[in-house]
Amino acid sequence: MPTTWTKMRTSDYDVLIVGAGIAGSSLAYALSTLPRKTPLKIALLERSLAEPDRIVGELLQPGGVMALRQLGLDSCLEGIDAVPCLGYCVVKDGQAVHIPYPETHEGRSFHHGRFIMALRAVAQGAKNVEVIEATVTDLVKDESTGSVMGVRAARNAGEKETWLAKLVVIADGCFSNFRTAVMGDEGTKPTTKSHFVGAILEDAVLPIPKHGTVALCKGFGPVLMYQISEHDTRMLVDVKTPLPSDLKAHILTNIVPQLPPSLHLSVKTALDKDRLRRMPNSFLPPVQQGAKRGVILLGDAWNMRHPLTGGGMTVALNDVVMLRTLLAPIEDLQDWKQVKKVVQMWHWSRKPLSSTINILSVALYDLFGADDEDLAVLRTGCFKYFERGGECINGPVSLLSGILPSPMVLASHFFAVAFYSIWVMFTHPQSASSSSKKGDQPQQAAPFHQYPSLFLKALRVFWTAVVVFSPLLWSEIRPASDTPTAPRS
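Read on for an overview of the structure. Computed from a predicted model, the values in this text were never measured in an experiment.

**Re the sheet that holds strand β3 (residues 59–60)**
For step 1, the next point in the chain: Strand order across the open sheet formed by three strands is β3-β7-β4, with antiparallel pairing between neighbours. In the strand order of this sheet, the two ends are held by β3 and β4 (83–85), each with one partner.

**So, the packing of aromatic side chains**
Given two aromatic rings, one states the distance between the centres and the angle between the planes to describe the pair.
For step 1, the next point in the chain: Inspection of every chain in the model, using the stated rule, returns 13 aromatic pairs.
For step 2, the next point in the chain: Each ring, one from phenylalanine 415 and one from phenylalanine 462, has its centre 6.0 Å from the other, and the planes form 50°; the classification is tilted. Highlighted residues: phenylalanine 415 in helix α12 (residues 407–427) and phenylalanine 462 in helix α14 (residues 451–477), separated in sequence by 47 residues.
For step 3, the next point in the chain: Since its relative accessible area comes to 30%, phenylalanine 462 is described here as partly exposed.
For step 4, the next point in the chain: A network of ring pairs unites the aromatic residues Phe414, Phe415, Phe419, Phe462 and Phe469 as a single cluster.

**Some words on the pairing of strand β12 (residues 191–202)**
For step 1, the next point in the chain: Pairing analysis gives seven bridges linking β12 to strand β16 (residues 277–283), with the strands arranged antiparallel. Each residue of the ladder has a partner; that of glycine 198, found in β16, is arginine 277.
For step 2, the next point in the chain: Looking at chain direction, β12 and strand β15 (residues 232–240) are connected through nine bridges and run antiparallel. Bridging across to β15, histidine 195 finds its partner in valine 239.

**Considerations on the pattern of salt bridges**
For step 1, the next point in the chain: Under the counting rule described, the total for this entry stands at 18 salt bridges.
For step 2, the next point in the chain: A salt bridge links arginine 234 to glutamate 58; the nearest nitrogen and oxygen atoms lie 2.8 Å apart. One end of the pair, arginine 234, is in strand β15; the other, glutamate 58, is in the loop between β2 (42–46) and β3, with 176 residues separating them in the sequence.
For step 3, the next point in the chain: Under the relative-accessibility criterion, arginine 234 is labelled buried at 3%.
For step 4, the next point in the chain: Between lysine 384 and glutamate 387 there is a salt bridge, and its shortest N-O distance comes to 3.7 Å. Of the two residues, lysine 384 and glutamate 387 both sit in helix α10 (residues 373–387), three residues apart, roughly one turn of that helix.
For step 5, the next point in the chain: Residue class for glutamate 387 comes out partly exposed when judged on its relative accessible area of 38%.

Rules and cut-offs
Residues numbered from 1 in each chain as written. Predicted model: local features only at pLDDT ≥ 70, side-chain atom pairs only at ≥ 80, totals over all residues. Heavy atoms only, no water. Pairing = 2+ DSSP bridges. Helix = DSSP H or I, 4+ residues; strand = E, 2+ residues; numbered from the N terminus. Phe/Tyr/Trp six-rings, centres within 6.5 Å; stacked < 30°, edge-to-face > 60°. Buried < 20%, exposed > 50% of the residue type's maximum accessible area, 1.4 Å probe, protein only. Salt bridge = Lys/Arg side-chain N within 4 Å of Asp/Glu carboxyl O.

Shown next, in the form of structure tokens:
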């Protein structure tokens, strides 16, 4: 083994976690609470322990709140000025539809950095958890077996030190520096279809208080808004690549006129005062792990979905719940045969929830950000499907919120929307073309002479639905040896 390391420690830790974000901090605390004869010794390494400032990771769905409660971390939602989130309001062409969470379920929205600091504080106070501010630069490997034995990192730009552990968990987020090193040829690169451009609105008046607002903008991507503290509301504007040279002018000219009038002044004030920031909206399907001994990926380092549905933290926290349970019986985490079996079980046991949220996020974005005529028909049909109420709202919002983890139920609703969109196209042709406005005259069914062309268009619309959904489903159920399929571009 190399002899140039600044410091050598022999099995200093049982578990070493890289990244003290949502997944890393939660896992550190969760593993510290396992009932074991000998408690695990855990190291949590983070490049900077200062409060992070991000524009995403601020809306926790009810399913995520439930997972947080299972981990004993629900206290982290207290004292950070978090706001209850009771559902959604979807706005299109001046009309709005209310989509409440079912029964007594509710989510939470907050400033991302405050939530992270609360999680870190709990992890730091946990037994046998050491939180270390250091920048990880390399994975330490056994030269004979290639197994990952630890990491090399530097504190405060000082000399590199070496931390060794029986198991290394990489949870360094969407811009992971170690994804390729861990996954090798089995991995894939994230695909980015658009960016969220973010700003904070002060004392904004949303259409329905304590509800996330999704505005569908004709010709452009959707806009997501939700309150993150008593006076602050986050606005995220989806902007497709390539980005316009003047983002503020784009928002003022193309987006603001399509938002509810009560928000116009708040948005214009924010654009004058606030610095616009952006984050890529990336898709990264999960690939089965276990080929690289001694290390696993967790959170956005391994699996990402479109942030439109706010499901990332819910998936990460549920992954931590499952991983904690599966690792509990293993006495020696250096026994890779047992750990690998757990990782493979974890890959498939997480599927009901993670697949549902992953597929829904991209499929819903394709509909809400419709960029061709057939997708526009599906978008209008989706909005009118919600207008029906009942199970047409309860089912989709239960899937989106992480309450109902079922890809099959998701498929049934998605294709119900597709068929309903086709029905709308025949019975309300003006609405299906997205040209109707509030206050228009009642719609008439399409005249009989248009039926031949509408039948052809119906086939195109249904085929578009298949093209949107099928690759996403395959990316979740494909065998480990298959190359991941990119979503519809």
